Amino acid sequence: MTTLTELLLKEFDQEAATTRKMLAIVPEDKYDWKPHEKSMTIRRLVTHIADLPSWVELGIHDDGLDFATTDHKEPEINNNKELLAFLEESLTSGRAALANIKPEQYDEKWTLSNDGHVIADMTRAEIIRIAYSQTTHHRAQLGVYLRLLNIPIPGSYGPSADELGL
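Structure report, in brief. (Residues numbered from 1 in each chain as written. Predicted model: local features only at pLDDT ≥ 70, side-chain atom pairs only at ≥ 80, totals over all residues. Heavy atoms only, no water.)

### Observations concerning the overall build of the chain
So, point 1. In terms of regular secondary structure, the chain is built from 5 helices and 3 strands.
So, point 2. Shown N-terminal to C-terminal, the secondary structure of the chain runs as helices and strands in the order α-α-α-β-α-β-β-α.
So, point 3. At 17 Å, the chain has a C-alpha radius of gyration in line with the 15 Å of a compact globule built from 166 residues.
So, point 4. Across its three principal axes, the chain shows a C-alpha extent of roughly 45 × 40 × 25 Å.
So, point 5. Looking at the chain residue by residue over its 166 residues, the buried ones come to 41%.
So, point 6. Restricting the contact set of the chain to residue pairs at least 6 apart, pairs at least 24 apart contribute 71%.
So, point 7. Working note: accessible area of the chain is about 9100 Å², and carbon and sulfur atoms make up 53% of it.
So, point 8. When the 17 basic and 27 acidic side-chain charges of the chain are each reduced to a single mean position, those positions are 5 Å apart. (Helix = DSSP H or I, 4+ residues; strand = E, 2+ residues; numbered from the N terminus. Rg over C-alpha atoms; globule rule 2.2 N^0.38 Å. Buried < 20%, exposed > 50% of the residue type's maximum accessible area, 1.4 Å probe, protein only. Contact = heavy atoms within 4.5 Å. Areas by Shrake-Rupley, 256 points an atom, 1.4 Å probe, with all protein chains shown as cover. Lys, Arg positive; Asp, Glu negative; His and termini not counted. Charge placed at Lys NZ, Arg CZ, Asp CG, Glu CD.)

### Brief notes about the side chain of arginine 43
So, point 1. Take arginine 43: it is sitting in helix H2 (residues 42-51).
So, point 2. At 2.6 Å, the side chain of arginine 43 forms a polar contact with the backbone oxygen of isoleucine 77.
So, point 3. When residues no more than four places from it in sequence are discounted, the contact partners of arginine 43 are Tyr31, Asp32, Glu76, Ile77 and Asn78. (Polar contact = N/O pair within 3.5 Å; in protein donor to acceptor, adjacent residues only side chain to side chain.)

### Observations regarding the side chain of asparagine 80
So, point 1. Here asparagine 80 shows up in helix H4 (residues 80-99).
So, point 2. Residue class for asparagine 80 comes out buried when judged on its relative accessible area of 10%.
So, point 3. A distance of 3.4 Å separates a polar atom in the side chain of asparagine 80 from the backbone oxygen of alanine 24.
So, point 4. Other than its neighbours up to four places away in sequence, asparagine 80 contacts Leu23, Ala24, Val26, Glu28 and Tyr31.

### Some details on the packing of helix H1 (residues 4-24) against H4
So, point 1. Contact pair H1 / H4: the axes reach a minimum separation of 11 Å and the direction vectors enclose 180°. By the angle between their directions, the pair H1 and H4 is classed as roughly antiparallel. The segment H1 lies against H4, with Thr5, Leu8, Leu9, Phe12, Asp13, Ala16, Thr19, Arg20, Leu23 and Ala24 engaging Asn80, Leu83, Leu84, Leu87, Glu88, Leu91, Gly94, Arg95, Leu98 and Ala99.
So, point 2. Looking at side-chain class alone, the contact of H1 with H4 contains 12 nonpolar, 4 polar and 4 charged residues. (Axes fitted to C-alpha atoms, helices over the stretch in contact; angles between N-to-C directions. Parallel < 35°, antiparallel > 145°, perpendicular 65-115°, else oblique. Nonpolar A, V, L, I, M, F, W, Y, C, P; charged D, E, K, R; others polar.)

### Notes on the pattern of salt bridges
So, point 1. Inspection of the entire model under this criterion finds 11 salt bridges.
So, point 2. Measuring nitrogen to oxygen at the nearest pair gives 3.9 Å for the salt bridge that ties lysine 109 to aspartate 121. Linking lysine 109 in strand S2 (residues 109-114) with aspartate 121 in strand S3 (residues 117-123), this pair joins segments that are 12 residues apart in sequence.
So, point 3. Look at lysine 109 and you get exposed, because its relative accessible area is 53%. (Salt bridge = Lys/Arg side-chain N within 4 Å of Asp/Glu carboxyl O.)

### So, unusual backbone geometry
So, point 1. Phi angles above zero are rare outside glycine, and aspartate 115 is one such case at about 55°.
So, point 2. Its location among the elements puts aspartate 115 in the loop between S2 and S3.
So, point 3. The backbone of asparagine 150 sits at a positive phi, close to 60°, despite the residue not being glycine.
So, point 4. Residue placement: asparagine 150 occurs in the segment after helix H5 (124-148).
So, point 5. Judged by its relative accessible area of 68%, asparagine 150 is exposed.

### A look at the sheet that holds S2
So, point 1. With mixed pairing, 3 strands are arranged side by side in an open sheet as S1-S2-S3. Each of the sheet's edge strands pairs with one partner strand only, and the pair in question is strand S1 (64-66) and S3. Neighbour-to-neighbour, the strand axes of this sheet turn through a mean angle of 15°, independent of strand direction.
So, point 2. In the sheet, S1 pairs with S2 via 3 bridges, with the strands oriented parallel. When the bridges of S2 are listed, aspartate 66 appears paired with serine 113. (Pairing = 2+ DSSP bridges.)

Interpretation note: all reported values are geometric properties and have no functional meaning in isolation.
Following this line, the structure appears as structure tokens:
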């Protein structure tokens, strides 16, 4: 029988491949562009996407994250080489933590907070899944940004309209 960890590692690797494809096509001359005044810049968005796999490690090795006191900071990214290197660091740390998790750790409590105000109480399993969901969500957001810039989009779970020539 396949274990939960094996399933999560398989999904981690599949999402990593898709994320690499999306981040690799970001035009460096558009890093400061955003589609709306309330939107993140592409730089902020892609840095966050590249960071999210490391949240798997945070979810496994830490008891929570308080935005007001965390040492976990995203670096200033200025080009795709730095972006992809940061993604690989994040993937390496997240995957290593997941590969070594003990089954009983999945049910341990994990808390997300800001300056002591609890945003969410969850289990380690839940924060791992949230990291995956947030990666997918923000990667799709990046797809909209890129589409608005008329940049062909690679497929995520099959070929894209661009890859099909539609």
